Amino acid sequence: MKLNRKDFLSIRDFSRDELETILALCEKQKPLAREHRLEPTHPGRVLACIFHKPSLRTRISFEVAIRQLGGSSLYITDREIGIGSREAPKDVANVLSRYVDGIMIRTFDQGLVEALAEHATVPIINGLTDLLHPCQVLGDIFTIIEHRGSIDGKKIVFIGDGNNVARSWLNAAARFPFSFVLSAPAGYEIDASFVEEVQGHGSPDYRWIQDPLEAVTGADVVYTDVWASMGQEDVKEARGRIFAGYQVNEQLMSRANGDCLFMHCLPAHRGDEVTDGVIDGPHSVVFDEAENRTHIQRAIMALLIQGENN
Ligand code: CP
Ligand code: NVA
């Protein structure tokens, strides 16, 4: 099955069947990639990786994944190009489309990613914006399926800020039949307009529960992320106080299901949103999540970027 979209900007842009196609290819390729037996279906293809924010996982996993497909990558920071200042996004999109076969971008504004997608003839992949982090959450869904067989009917509880990762989880809840609970202080839940928009595109089983102890009851997955995202460094201290009661610690985990998974997109601020005991403990699958970024993104690229088989 082919994906109906040129770009990977948001989980919500895809049907459940299309998302299952990506997950199935990911499952098929993962063992082959681990044994270095993957067929190089994309020889000579080049991925431009544009970063306006720092990264460990996204950068390395994309660069490794395109090499595993037989291609190569270019690492471009905000010191180059000057999208929107030196040159209009649509010109950048047109020019890059003449050089490379795909573009991965991590930036602030989702609108910029959408503008590039509109004008580029090659696939644009969202490697995180202030609004969304779709590759992360699809990789996380793959991780849950690996550990629990399916995500259907599971209760996923996100403790912390209603941020880019949380919004991508809500988008995923509009496509997969799991229940999604966000536990955040008032004012830090996912904004009502975004929730309404998602509800207009599906029927997510979504609740905001302010009290984290109530929220984690019966959780199959407890997920957390930093309290201040990249770009919010100036409010980090204030948020530390506001989110103090939202730490994922052993006491909170003891209220979840006995076989509950602990997940975190990383980087983690140990001692803030999660204790060492939890992130290093028996429930934690954080390094599986990190590894699976490579596998899910390779599947996304294999399906979207023109190669020998597509
Ligand atoms: N989880 C994640 O996207 O990590 P990086 O910020 O290191 O890419
Ligand atoms: N919410 C975090 C995710 C990092 C992968 C951030 O945007 O900084």
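Residues numbered from 1 in each chain as written. Chains lettered and ligands numbered in written order. Predicted model: local features only at pLDDT ≥ 70, side-chain atom pairs only at ≥ 80, totals over all residues. Heavy atoms only, no water.

Draft legend 1. Representation of the site of ligand 2 within the structure. Surrounding ligand 2, one finds Leu128, His133, Asn163, Asn164, Asp225, Val226, Ser229, Met230 and Leu266. One of the side-chain nitrogen or oxygen atoms of Asn164 is found 2.8 Å away from an oxygen atom of ligand 2. Of the pockets mapped on this structure, ligand 2 occupies the second largest pocket. Residues of the shell around ligand 2, tallied by class, amount to four nonpolar, four polar and one charged. (Near = heavy atom within 4 Å. Polar contact = N/O pair within 3.5 Å; in protein donor to acceptor, adjacent residues only side chain to side chain. 1 Å grid on protein atoms, 1.4 Å probe; cavity = no way out; pocket = protein on both sides within 12 Å on 5 of 7 lines; lining within 4 Å. Sits in = over half its atoms within 2 Å of the grid points. Nonpolar A, V, L, I, M, F, W, Y, C, P; charged D, E, K, R; others polar.)

Draft legend 2. Fine view of the site of ligand 1. All residues in the neighbourhood of ligand 1 are listed as Ser55, Leu56, Arg57, Thr58, Arg106, His133, Gln136, Cys265, Leu266 and Arg293. Within the contact set of ligand 1, an oxygen atom lies 2.8 Å away from a side-chain nitrogen or oxygen of Arg57. Gln136 is positioned such that a nitrogen or oxygen atom in its side chain is 2.9 Å from a nitrogen atom of ligand 1. Protein chains bury 96% of the 260 Å² of accessible surface belonging to ligand 1 in isolation. Applying the majority rule of atoms within 2 Å of the grid points places ligand 1 in the second largest pocket. Here the shell around ligand 1 is built from residues that sort into three nonpolar, four polar and three charged. (Areas by Shrake-Rupley, 256 points an atom, 1.4 Å probe, with all protein chains shown as cover.)

Draft legend 3. The arrangement of unusual backbone geometry in detail. Here the bond from Leu266 into Pro267 is cis, since omega is 5 degrees, no more than 30 degrees from zero. Despite not being glycine, His36 has its phi angle at roughly 55 degrees, a positive value. Here Ile81, not a glycine, exhibits a phi torsion of approximately 70 degrees, which is positive. Along the polypeptide, Ile81 turns up in the loop between strand 2 (72-77) and helix 3 (89-99). (Helix = DSSP H or I, 4+ residues; strand = E, 2+ residues; numbered from the N terminus.)

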